[in-house]
Amino acid sequence: AARDMYLKPGGLMMPSTSDIIVAPFTDETLFNEQNTKSNFWENSAFYGIDLSPLAEKAKQENMSQAVVGYFSSDILISCDKAKHVIDFRTVSLKEL
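All of the points below concern the structure found in this document. Here the structure is a predicted model, which is why all the values come from computation and not from measurement.

**Remarks on helix α2 (residues 28-37)**
What α2 keeps buried is the set Leu30, Gln34 and Asn35. Along the axis of α2, the buried residues cluster in a sector spanning 130 degrees; they form a single face. α2 presents Glu28 and Thr29 as exposed residues on the side facing more than 90 degrees away from its buried surface. Of the surrounding elements, those touching the buried residues of α2 are α3 (55-63). You can read the cap of α2 off the contacts: a side-chain oxygen lies 3.1 Å from the backbone nitrogen of Thr29, and it is on Asp27.

See below:
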């Protein structure tokens, strides 16, 4: 890792830690945005090519991608959450 190759002993890592928090939520606007992205594949006449057989797989692929960002707590559908802390000063590539 670059940290092991280039960071001097006692050097400063910024950020030094990160929190990953996972929680169930619902957001109709975000769902519609993600769903719209796969609509391209429903095209049955794209320069003479029928792309529609790929539409379902494209939708599955798009909807299975992680959504990263900040969200209001108003969209949470449960108080349950999981938190994982990463210490960039000590984490190995294998642990990531």
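Having put the structure on the table, let's press on.
**Focus on the environment of Leu96**
Along the chain, Leu96 falls in the segment after β2 (82-87). A relative accessible area of 62% means that Leu96 is categorised as exposed. Placed 10 residues apart in sequence, Leu96 and Ile86 show a C-alpha to C-alpha distance of 8.5 Å. Leave out the neighbours within four places in its chain, and Leu96 touches Ile86 and Val91.

How each quantity is defined
Residues numbered from 1 in each chain as written. Predicted model: local features only at pLDDT ≥ 70, side-chain atom pairs only at ≥ 80, totals over all residues. Heavy atoms only, no water. Buried < 20%, exposed > 50% of the residue type's maximum accessible area, 1.4 Å probe, protein only. Helix = DSSP H or I, 4+ residues; strand = E, 2+ residues; numbered from the N terminus. Arc of directions from axis to C-beta. Contact = heavy atoms within 4.5 Å. Polar contact = N/O pair within 3.5 Å; in protein donor to acceptor, adjacent residues only side chain to side chain.

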